[in-house]
Each structure stands twice: as structure tokens, then as C-alpha cells.
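# Geometric and topological summary
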Amino acid sequence: MKTRIFAALVGLGALGAGQALAQQVVVVPDEVDQYVTEQPYDDPAVVDEDVVVGEELPDTVVIHRVPEYEDYGYAVVNRHRVIIQPETRRIIRVYN
């Protein structure tokens, strides 16, 4: 009985570790960070969802590419500048 409980707890711990590994940390180059913060605040998009890291933006939000850094895009959503992974539309950084 004790062995089964221990095995179940170890299995749950492994599941939690797997979930933690599923969330990657994305390092944004300084040049991308600087470029996005310098862009004008034109045409901000409005969405009903919270603007948080990890959320996927709807197709209605226009994503602008960062020159020379194709893996990064940006938008202004709900009055926040955000950096996005264009291929997944996931937010990787939010500026207040």
C-alpha cells in the first residue's frame, strides 16, 4: 500500500515538472526591446481577454514584424505594447 501511494506521489511530481517545462522562458534581445518601446502608439487593438504573457492574440490583432528579427513581432493591445512570437501569436512580453 505504501509503495503505491509513493509511486502515485512521484507520478504527480513528474507531471508537475512536465508542466513547468512546457512553459519556456523567452529571452528578448535588447535591440528588439528597444525597437518596440520606441514605436508609435498608433491604432491600438482592443481585445476582451487580459493581455498577459503566454496568451494567444486573436487574428483580428495586427502584428508588426521587428526588422532583422523575424522571430519577434509587436502590437499595441488594450493600451499595452506587447512582444509576440508571430508564428504562434503568443505574447512573450507586456509593457505597462
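All figures in this text were calculated on a predicted structure; none of them were measured in a lab. (Residues numbered from 1 in each chain as written. Predicted model: local features only at pLDDT ≥ 70, side-chain atom pairs only at ≥ 80, totals over all residues. Heavy atoms only, no water.)

### Notes on the overall build of the protein
If you tally the helices and strands in the protein, you get 2 helices and 4 strands. The order of α-helices and β-strands along the protein, N terminus first, is α-α-β-β-β-β. Carbon and sulfur atoms make up 52% of the accessible area of the protein, which totals about 7,200 Å². (Helix = DSSP H or I, 4+ residues; strand = E, 2+ residues; numbered from the N terminus. Areas by Shrake-Rupley, 256 points an atom, 1.4 Å probe, with all protein chains shown as cover.)

### So, the layout of surface pockets
Considered as a void within the structure, the second largest pocket measures approximately 180 Å³ in volume. Around the second largest pocket, the lining residues are Gln 39, Pro 40, Asp 42, Asp 43, Pro 44, Ala 45, Val 61, Val 62, His 64, Tyr 74, Ala 75 and Val 76. Top contributing element to the lining of the second largest pocket by residue count: strand β2 (residues 69-77), with 3 residues. Residues of the lining of the second largest pocket, tallied by class, amount to 8 nonpolar, 2 polar and 2 charged. (1 Å grid on protein atoms, 1.4 Å probe; cavity = no way out; pocket = protein on both sides within 12 Å on 5 of 7 lines; lining within 4 Å. Points joined across faces, edges and corners; volume = space filled by probe spheres on them. Nonpolar A, V, L, I, M, F, W, Y, C, P; charged D, E, K, R; others polar.)

### Overview of the side chain of Arg 81
Take Arg 81: it is sitting in strand β3 (residues 80-85). From its side chain, Arg 81 meets the backbone oxygen of Val 36 in a polar contact 3.2 Å long. At 2.4 Å, the side chain of Arg 81 and the backbone oxygen of Gln 39 are in polar contact. Setting aside residues no more than four positions away along its own chain, Arg 81 makes contact with Val 36, Thr 37, Gln 39, Pro 40, Tyr 41, Ala 75, Val 76, Arg 93, Val 94 and Tyr 95. (Polar contact = N/O pair within 3.5 Å; in protein donor to acceptor, adjacent residues only side chain to side chain. Contact = heavy atoms within 4.5 Å.)

### Thoughts on the pattern of salt bridges
Going through the model one piece at a time under the given rule, you end up with 3 salt bridges. Of the charged contacts in the structure, one is a salt bridge between Asp 33 and Arg 93, with a shortest N-O distance of 3.2 Å. Taken together, the positions of Asp 33 in helix α2 (residues 30-38) and Arg 93 in strand β4 (residues 90-94) put the pair 60 residues apart, joining distant regions of the chain. Relative accessible area serves as the criterion here: at 24%, Asp 33 is assigned to the partly exposed category. Note that Arg 89 is salt-bridged to Asp 59, the shortest N-O span being 3.6 Å. In this pair, Arg 89 is assigned in the loop between β3 and β4 and Asp 59 in the loop between α2 and β1 (64-66), connecting sequence segments 30 residues apart. (Salt bridge = Lys/Arg side-chain N within 4 Å of Asp/Glu carboxyl O. Buried < 20%, exposed > 50% of the residue type's maximum accessible area, 1.4 Å probe, protein only.)

### Things to note about the pairing of β4
Inspection of the sheet shows β3 paired to β4 by 4 bridges, in the antiparallel sense. Bridge pairing in β4 places Ile 84 opposite Ile 91. The loop that links β3 with its antiparallel partner β4 comprises 4 residues; one of these, Arg 89, has a positive phi angle of about 65°. (Pairing = 2+ DSSP bridges.)

### Quick word on the environment of Asp 42
Relative to the helices and strands, Asp 42 is located in the loop between α2 and β1. Considering only alpha carbons, one finds Asp 42 and Val 76, 34 residues apart in sequence, at a separation of 7.8 Å.

Spatial relationships are all this shows, so hold off on functional conclusions.
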